[in-house]
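Secondary and tertiary structure notes
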Amino acid sequence: LAQVFLLVPAMAQAVPLEKWVFFLPQVWSQEIDHITLYVRSVAMRRRDYVQDRVGALDSLLQSLRIDVASGSIDFRLLEVTELVLEANRMAVGFLHDRQHHKAIKLGEKCLEMLHVDGLDPPEFSFLRAISQMNLGKAYTKFRKFDLGRAVLERVTASIEGDLSSPMAQLVVAGAHGYLSELCVDEGKHAEAMSHATAEVSLLEKHLWTELTESRAEQAGVLATAYMKCGHCEVLGENFEIALAWFNKAAQSAELYLEETNRLRIELAETTALTQVMLDVRNEQKAEEAKANMEIARAAERLEHRFDYSQASGDRGVSEAAFEGFAAGAAVFKYDLAPRAKARFASSSTLPMDRVLHAAHRMIPPLGTIAGGVASSNAGLLSASRKSLFGRNAQYLGNIASCEVHGFLGAMQLVARMAEEGWRHLKVLTVCPHAAYVMAQAGVQCSVLAQAYIPGATLKRNFQLDFNGLLGAISALPPHSVLHLPLVHPVFRLDISEWTDLAAAMSLANVIPVLETSLAGFHDTIANATAPLRVLAHQCPGTVAVQSYEHLLPGDSVTVVHVVTPSDATKDRMERWMLSLEGRTQQLSSTAGKLVESVLADDQLFEAYKTALKDMGGILDRRRRSFVQRLSALKSYPSADPFKFPDAPQDIWTVVGDSQMHGGPAFWAPLVKDECDTISTQGVVRVPPTAFIDLQVLDTDADIDAAAEAIRDALRDLQQAQAA
């Protein structure tokens, strides 16, 4: 073997760059096109062509093993080099011809050839790196992401040997490039940018150390790397930086590539599209600045002030919420613009932007309207009623309505209704998280635990028990108030079950409070609100709570509707709601006018319904990404107290699939100790109820960080418990 290292030069230096440069990532390569056409024609004429290539590699492999045993291998190494490079050429051709199985078969055989017991000269590291780079690309194209990542990371980490030579470093750069493409497909934009910049750094340092006749290929490789960096910046909405990268790509391409080259054509189109997105964002920023200036001028003219000196400490949730209104002098300022209308955006609020812009142009300049809620937001209340109950409901004229601040403000109003009208009965709910949120804000609310399998939350098997729910309702005292979410990750009923539930509540004289805020996220609003109309028809006193925070994040415009038996009862109810604590006047604002415009205008309402469904789809994709990441990290809770009936090993997939179309919340199968430990990580807050807010996980990077924090916290807790 010692003679081998004396006689054979380093293969990384012996193999000319022009023989393998086209293996590196490129938008388009003429050489790859030629190879693809060749393998396609040969494979059509010779069905056993791939098997012949594999047979040739097997034959050489057997000869190598014999030569290693006899100690005479010096004349085989160059033969290995030529045959492995030729097999890689054929594999790349099959890959671009979408014959993935053949490409993978050849790539795996090449790696087997280069792992011979007793034979591992340093020169083989270069060939293995090339083979792994191509095989990793083939795996990712075949959607075997985990295998592709593992193979490519062996190259970038130089696990297979010394890859310090300039030519070997180009192979490492190629592996970084393919890893960047893989990360983009997986939605890991920050990691994709890291690999792309590593690729550029290595290419700039080593690509031009050897000038070849394939300078067009070299220029294409470098321009592609620059484009990759630009694309990653577009994903992050950094359009100015992206344009700088595209400019560098154009400078590289113009040296050796013709104008008709596909790379230059695609680069020009991408640059133009990015410039358009940048112009749109700049235009929106200008509109936003102008709108904010108008708001500021209107605020200066405001003479309306509110007196909160009478506020007492027993008003629960409204106290903190309305203090914010006092500080803001009842002026709503909107960030209506700067989100770019780009296909790369991930924000769940993005689908509403266009609706908001159109509505904002329809309302008069900001100002307060004298006369209080009854005169200032009558249009909002009417539009909300019609959107929820329909335009022809026989009880539409008997619905008392008022505007409050947020879900908590609505539930405090309901609690006061229960206290003052029904002998201080407590409010109940079927959602443990809603009870937790209300308790944190001082609203007393109990959980109707019989609605779920006994001990469900302790066993991490949070499943609805519909018969138990009906039995629990029948045992409630008359005039009990029960909060029911229309969209919920766990409390899920079909229309026949809602009908049975309404009959049970009517028989028991229980007052339903239906939270309808998420209606329309996955179905039409008319279909999604059908349970409300069933309850309103059978249960006198039905209350509907509709929040529009998904339309105006940060401004919790919320409307409460109460179905009453007559006009006289309706008038008394409205007067009582308006007089309650004397603090409803300040809700007159641009916020209510915006919502009214959206609901009342036919075209805007159709756009609003479409945007709702888009938001529901975004939340479902975020839920699925979150669950997949947790599953990939194997961040499972401790198994002892947890048993799903007939569930496979993948806990997170089972839970995630059962909660699709569940709105912006995700219930995780975690117990209190695990929730507390995760929250101490500081990345994602998981309340004791184990309901995670999907809207908090607003980007893929946040999903990764949250999943990793959960994995680390569960591992630390399990280790501490074991100790």
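How each quantity is defined
- Residues numbered from 1 in each chain as written.
- Predicted model: local features only at pLDDT ≥ 70, side-chain atom pairs only at ≥ 80, totals over all residues.
- Heavy atoms only, no water.
- Helix = DSSP H or I, 4+ residues; strand = E, 2+ residues; numbered from the N terminus.
- Buried < 20%, exposed > 50% of the residue type's maximum accessible area, 1.4 Å probe, protein only.
- Contact = heavy atoms within 4.5 Å.
- Areas by Shrake-Rupley, 256 points an atom, 1.4 Å probe, with all protein chains shown as cover.
- Salt bridge = Lys/Arg side-chain N within 4 Å of Asp/Glu carboxyl O.
- Pairing = 2+ DSSP bridges.
- Axes fitted to C-alpha atoms, helices over the stretch in contact; angles between N-to-C directions.
- Core = buried A, V, L, I, M, F, W, Y, C linked by side-chain atoms within 4.5 Å.
- Parallel < 35°, antiparallel > 145°, perpendicular 65-115°, else oblique.
- Nonpolar A, V, L, I, M, F, W, Y, C, P; charged D, E, K, R; others polar.
- pLDDT = per-residue confidence, 0-100.
- Left-handed = near helix turned anticlockwise from the far one by under 90°.
- Arc of directions from axis to C-beta.
- Disulfide = S-S within 2.5 Å.
- Phe/Tyr/Trp six-rings, centres within 6.5 Å; stacked < 30°, edge-to-face > 60°.

Helix and strand counts for the protein chain stand at 29 helices and 9 strands. The burial tally for the protein chain puts 53% of its 723 residues in the buried class. In the protein chain, 73% of the contacts between residues at least 6 apart in sequence involve partners at least 24 apart. Carbon and sulfur atoms make up 52% of the accessible area of the protein chain, which amounts to about 32,200 Å² in all.

Tallied over the full model, the rule gives 22 salt bridges. Ionic pairing is found between Glu240 and Arg281, a salt bridge with its closest N-O pair at 3.0 Å. In this pair, Glu240 is assigned in helix 12 (residues 239-256) and Arg281 in helix 13 (residues 262-301), connecting sequence segments 41 residues apart.

Turning our attention to the sheet that holds strand 3 (residues 445-447). Strand order in the open sheet made by the 7 strands is 1-7-6-5-4-2-3, with mixed pairing throughout. Whereas interior strands pair on both sides, the edge strands pair on one side only; in this sheet they are strand 1 (399-405) and strand 3. With strand direction ignored, the average angle separating the axes of adjacent strands in the sheet is 25°. Pairing analysis gives 3 bridges linking strand 5 (residues 511-515) to strand 6 (residues 543-547), with the strands arranged parallel. Within strand 6, the position partnered with Glu515 by the bridge is Val545. In the packing of helix 23 (residues 530-538) onto the sheet, the strands contacted are strand 5, strand 6 and strand 7 (557-563), and the crossing angle to strand 5 comes to about 165°. Packed onto the sheet, helix 24 (residues 567-579) meets strand 1 and strand 7 and runs at close to 15° relative to strand 1.

Here we come to the nonpolar core. The nonpolar side chains of soluble globular proteins are, as a tendency, buried together. Counting 91 residues, the largest nonpolar core has Trp20, Val80, Phe94, Met113 and Phe126 as the members making the most contacts within it. Excluding anything up to four places from it in sequence, Trp20 contacts Val15, Phe126, Ile130, Met167, Leu170 and Val171. Listed in part, the 86 residues of the second largest apolar core include Leu380, Leu532, Val563 and Leu694.

This part is about the packing of helix 11 (residues 215-235) against helix 12. Taken N-terminus to C-terminus, the directions of helix 11 and helix 12 make an angle of 175°; their axes are 8 Å apart at the nearest point. When the axis of helix 11 is compared with that of helix 12, the two are roughly antiparallel. In this structure, helix 11 uses Arg215, Ala216, Ala219, Leu222, Ala223, Tyr226, Met227, Cys229, Gly230, His231, Glu233 and Val234 to contact helix 12, whose residues at the interface are Phe239, Ile241, Ala242, Trp245, Phe246, Lys248, Ala249, Ser252, Ala253 and Tyr256. Along the lines of polarity and charge, the residues of the contact of helix 11 with helix 12 split into 16 nonpolar, 3 polar and 3 charged.

If pLDDT is low for a region, its predicted coordinates should not be looked at in detail. Summing up the model confidence of the protein chain, the mean pLDDT is 75 and the portion of residues at 70 or higher is 76%. Per-residue pLDDT, averaged within each element of the protein chain, yields its smallest value for helix 14 (residues 317-327) (32) and its largest for helix 11 (91). Counted against residues more than four places away or in other chains, residues 364-376, with its pLDDT under 50, gives 22 contacts.

Turning next to the packing of helix 9 (residues 166-186) against helix 10 (residues 189-206). The contact between helix 9 and helix 10 brings their axes to 8 Å, and the two run at 155°. If you check the angle between helix 9 and helix 10, you find them roughly antiparallel. With respect to the hand of their crossing, helix 9 and helix 10 are arranged in left-handed fashion. Across the interface between the two elements, Pro166, Met167, Gln169, Leu170, Val172, Ala173, His176, Gly177, Leu179, Ser180, Cys183 and Val184 of helix 9 pack against Glu191, Ala192, His195, Ala196, Ala198, Glu199, Leu202, Leu203 and His206 of helix 10. Residue composition of the contact of helix 9 with helix 10, by class: 13 nonpolar, 6 polar and 2 charged.

With that out of the way, let us pick up helix 27 (residues 651-658). Of all the positions in helix 27, only Ile651, Trp652, Val655 and Gly656 are classed as buried. Burial along helix 27 is one-sided: seen end-on, the buried residues are contained in an arc of 115°. In this structure, the buried side of helix 27 is in contact with helix 26 (602-632) and strand 8 (665-667).

What follows deals with the state of the cysteines. The term disulfide refers to a covalent linkage connecting the sulfur atoms of a pair of cysteines. A full pass over the atoms with the stated rule returns 0 disulfides. You can see Cys232 has no disulfide; the closest cysteine sulfur is in Cys229, sitting 6.5 Å from it.

This part takes up the packing of aromatic side chains. Inspection of the entire model under this criterion finds 8 aromatic pairs. Plain terms: the ring middles of Phe22 and Phe23 are 4.9 Å apart, the flat faces sit at 70° to each other, and that makes the pair edge-to-face. On the basis of relative accessibility, which here comes to 1%, the residue Phe23 falls in the buried class.

Moving on: the side chain of Asn398. Looking at the secondary structure, you find Asn398 in the loop between helix 17 (378-389) and strand 1. Each residue touching Asn398, except ones within four places of it in the same chain, is listed here: Val562, Val563, Thr564, Pro565, Ser566, Asp567 and Lys570.

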